[in-house]
Amino acid sequence: MTLNRRHLLSVLAATCLSLSSAHAVERWNMSLEQPDGNYISAVGRDFAADVAKATAGELEIKTHSNSVLFKRPDLKRAVQTGQVQVGDVLISVLGNEDPLFEVDAVPLLARDFDSAWKLWQASRPGIEARLQKQGIKLLYSVPWPPQGIYTKVPVTQMSQFKGMKFRAYNAATSRLVELMGASPTTVNSGDVPQAFGTGLIEAMITSPATGVDAQAWDFSKYYYDVQAFIPKNVTMVNARAFERLPPASQKAVMEAAARAEKKGWDMARAQTSELTQTLAKNGMVVGKTPPAIESELGKIGATMAEDWVKKAGTDGKAVIDQAKR
C-alpha cells in the first residue's frame, strides 16, 4: 500500500471516529411511579419522546412504569446517587426531610387547581434550591386530582371515623387521619386492593385517579368528593447527568419539561371529572362531603396549617402568604 493511500485511509478513519463521537447517543432510564394507564405516567412517556425529538435522537430516555425500578421511598435517593437518571415521585413523601416538600398536602390550603398552581409557583423556588443542594435538578410537576374519601359504609359525622383503619401515604395524611379520630396505616397505592381485601384498611383518602387505578369499586362503596388538597408528583434528574449534556441538549430537556408540566396540569383538570364519573359508572355512590364532616375538616385544616408553619418557619410562612395573594 502506498504512503498516500495509507494516509488517506488514516484520515478517513479519523473522520469517521470523529463523526461517530459527535453523534454519540446518550441513554437515560426514567422511573415512573404509576401504572401505564395513569395520566402522570403518560405525561412522563410523552416527555421522553419529546426529548428524543428535540435532541434529534442524541438523548434517549427509556421509561419504566409502575415503580418497577424503584419504589416510592427509594426513588429520590436513586436519582441523587445516579442509580437512575430521571424519576418522578410524590413530593410530599419527602416531608420528613423538609416541611416545604409537603406544603401541598396541608389540608384545605389549596382545594382547586388555580389555588394549587399558585401554591406551586410560590413553593417551587425553595423546593428547587433544596433539591439542587442534594445533586438533583427539578424538571416538572404534575398534580393529582383533589383528594377524596373512600369508605365501605356511609358516613355523615366525623365521629364515625373513630378507630377506623384508614390508609395514609405520607406524614401529612397520617396526621390528618389521626385528627379525624381514625387509625392511620401506611399503604402504597399499588397495595391498596390487597390491604382492603385483608382488612388492613377500611377507608382511605386519595384521588379519583388512584381509585380508578385500583378499581376501588371492588372493595369500597362510597366516595366523598372532599377536595381536601391537591398533591403533586415531581420529576427530577440527577444534576451531574444533566450537566454532562451539551448546552443545546440541556436547553431541549428544560423546554420539554416546561411542555410536560403544562400538559400535566391540563390533563389533571380534564381528567378529574371523568375519573370521578368512572367511579360512579362502576357502582360507587359518589357524593359531596357531608356538612358536619366538612365543618370538622375545616378545623383540622386550620390546625395542620398552623402546625406546618411552625415547622417550616419564615420560609413556609412566606410561601403561604405569596400563594394567598
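Structure shown above.
As a starting point, this report considers the structure included with it. (Residues numbered from 1 in each chain as written. Predicted model: local features only at pLDDT ≥ 70, side-chain atom pairs only at ≥ 80, totals over all residues. Heavy atoms only, no water.)

Below, the discussion takes up the sheet that holds strand E9 (residues 222-224). Spatially, six strands are ordered E7-E6-E8-E5-E9-E11 in an open sheet, and the strand pairing comes out mixed. Unpaired on one side and paired on the other, strand E7 (183-186) and strand E11 (285-287) mark the two borders of the sheet. The sheet shows a mean angle of 25 degrees between the axes of neighbouring strands, taken without regard to direction. Summarising the sheet, E9 and E11 pair through three bridges and their orientation is parallel. Its bridge partner lying in E11, Tyr222 is registered against Val285. This element, helix H5 (residues 171-179), spans strand E6 (165-168), E7 and strand E8 (203-206) of the sheet and lies at about 160 degrees to E7. Relative to the sheet, helix H9 (residues 247-281) contacts strand E5 (148-151), E9 and E11, its axis offset from that of E11 by approximately 140 degrees. (Pairing = 2+ DSSP bridges. Helix = DSSP H or I, 4+ residues; strand = E, 2+ residues; numbered from the N terminus. Axes fitted to C-alpha atoms, helices over the stretch in contact; angles between N-to-C directions. Contact = heavy atoms within 4.5 Å.)

Close contact between helix H4 (residues 113-133) and helix H10 (residues 291-323) brings their axes to 7 Å; oriented N to C, the two are set at 150 degrees. Looking at the two axes, H4 sits roughly antiparallel to H10. As H4 runs across H10, the sense of the crossing is right-handed. Counted together, Lys118, Leu119, Gln121, Ala122, Ser123 and Arg130 of H4 and Asp315, Val319, Gln322 and Ala323 of H10 form the full contact between these two elements. (Parallel < 35°, antiparallel > 145°, perpendicular 65-115°, else oblique. Left-handed = near helix turned anticlockwise from the far one by under 90°.)

The interhelical angle for the contact between H5 and H10, taken along N-to-C directions, is 135 degrees, at an axis separation of 10 Å. For the element pair H5 / H10, the angle class is oblique. Two packed elements cross with a definite hand, and for H5 against H10 that hand is right-handed. Of the residues in H10, those touching H5 at Ala172, Arg175, Leu176 and Leu179 are Leu297, Ile300, Thr303, Met304 and Asp307. Considered class by class, the residues forming the contact of H5 with H10 number six nonpolar, one polar and two charged. (Nonpolar A, V, L, I, M, F, W, Y, C, P; charged D, E, K, R; others polar.)

Turning our attention to the nonpolar core. Soluble globular proteins tend to bury their nonpolar side chains together. One finds Phe47, Tyr140, Phe161 and Phe166 to be the most contacted residues of the largest nonpolar core, which totals 84 residues. In contact with Phe161, other than residues within four places in its own chain, are Ile149, Thr151, Val155, Phe166, Met180, Gly181, Ala182 and Ile293. Judged by nonpolar contacts, the second largest core, of 13 residues, contains Val192, Ala214, Leu279 and Met284. (Core = buried A, V, L, I, M, F, W, Y, C linked by side-chain atoms within 4.5 Å. Buried < 20%, exposed > 50% of the residue type's maximum accessible area, 1.4 Å probe, protein only.)

The next point concerns the sheet that holds strand E4 (residues 136-143). Strand order in the open sheet formed by five strands is E2-E1-E3-E10-E4, and the pairing between neighbours is mixed. Of all the strands in the sheet, just strand E2 (59-64) and E4 have a single pairing partner and so form its edges. Strand-to-strand twist of the sheet, defined as the mean angle between neighbouring strand axes without regard to direction, takes the value 25 degrees. Lying over the sheet, H4 contacts E4 and strand E10 (232-238), oriented at roughly 165 degrees with respect to E4.

What follows concerns helix H3 (residues 72-80). Each α-helix turn comprises 3.6 residues. Residues three or four places apart therefore point the same way. Within the sequence span of H3, burial applies to Arg72, Leu75, Lys76, Ala78, Val79 and Gln80. Looking at the buried positions of H3, the neighbouring elements they touch are strand E1 (26-31), strand E3 (86-90), H4, E4, E10 and helix H8 (239-243). Directly after H3, the chain includes Gly82, whose backbone phi takes a positive value near 80 degrees.

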